[in-house]
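Survey of secondary and tertiary structure
These are the residues of each chain, in order.
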Amino acid sequence: SSKTFWTTTGMFPQELIIGFPKCVKISKVAIQCYLVRTLRIERSISKDPVGFEQCIEKDLQHREGQLQMEEFPLPEFQATYLRFIIKSAFDHFVSVHRVMAEGT
């Protein structure tokens, strides 16, 4: 829902894990967030959310008063879980408003 969001508790790193019903092929991940400085995306192909490996780590641009909208084109890879780790921020609290994954 565009009316809801996830917010951090004020200390870093923070993480958010998204699980799929089965292993899927992903070609692109997009995120809408606020005040995130450094973001890492990891994947797991296990049945449980363990054994993550790093896919991307990026420093995001600060946009005063606006949501950060970042897209990460990825080679076709498989994942059962995606872990988003907010390593640092521009403020004490950040928020994640939407996460989208494209693929099959």
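Scope of this entry: the structure provided in the associated data block. Owing to the predicted nature of the structure, the values given are computational and were not obtained by experimental measurement.

Basis of the calculations
- Residues numbered from 1 in each chain as written.
- Predicted model: local features only at pLDDT ≥ 70, side-chain atom pairs only at ≥ 80, totals over all residues.
- Heavy atoms only, no water.
- Helix = DSSP H or I, 4+ residues; strand = E, 2+ residues; numbered from the N terminus.
- Buried < 20%, exposed > 50% of the residue type's maximum accessible area, 1.4 Å probe, protein only.
- Contact = heavy atoms within 4.5 Å.
- Areas by Shrake-Rupley, 256 points an atom, 1.4 Å probe, with all protein chains shown as cover.
- Lys, Arg positive; Asp, Glu negative; His and termini not counted.
- Charge placed at Lys NZ, Arg CZ, Asp CG, Glu CD.
- Disulfide = S-S within 2.5 Å.
- Pairing = 2+ DSSP bridges.
- Polar contact = N/O pair within 3.5 Å; in protein donor to acceptor, adjacent residues only side chain to side chain.

Further remarks concern the overall build of the protein. What the protein contains, in helices and strands, is zero helices and six strands. Going from N to C terminus, the protein has its helices and strands arranged as β-β-β-β-β-β. For the C-alpha atoms alone, the extent of the protein along its principal axes is close to 35 × 25 × 25 Å. The proportion of buried residues among the 104 residues of the protein is 37%. A fraction of 79% describes how many contacts in the protein between residues 6 or more apart in sequence connect residues 24 or more apart. Carbon together with sulfur atoms contributes 51% to the accessible area of the protein, which is approximately 6400 Å² in total. One way to put it: in the protein the 13 positive side-chain charges average out to a point 5 Å from where the 12 negative ones average out.

So, about the state of the cysteines. Summed over the entire model, instances satisfying the criterion amount to zero disulfides. Of all cysteine sulfurs in the structure, the one in C55 sits closest to C23, which takes part in no disulfide; the separation is 12 Å. Cysteine C33 remains unbridged, with the sulfur of C55 as its closest cysteine sulfur at 17 Å.

Taken in spatial order, the six strands line up as 1-6-2-5-3-4 in an open sheet, and their pairing is antiparallel. On the outer flanks of this sheet lie strand 1 (6-7) and strand 4 (53-59), each paired with one strand and no other.

This next bit is on the side chain of R43. The residue R43 is located in strand 3 (residues 36-44) in this model. On the basis of relative accessibility, which here comes to 18%, the residue R43 falls in the buried class. For R43, the side chain forms a polar contact with the side chain of E53, separated by 2.7 Å. Here the side chain of R43 touches Q78 through a polar contact of 2.7 Å, landing on its backbone oxygen.

On to the pairing of strand 5 (residues 68-89). Where strand 2 (residues 14-34) meets strand 5, 15 bridges bridge the pair, whose relative direction is antiparallel. By the bridge assignment for strand 5, E15 is matched with I85. As judged from the eight bridges shared by strand 3 and strand 5, these two strands associate in the antiparallel manner. Its bridge partner being in strand 5, V36 is matched across the sheet by A89.

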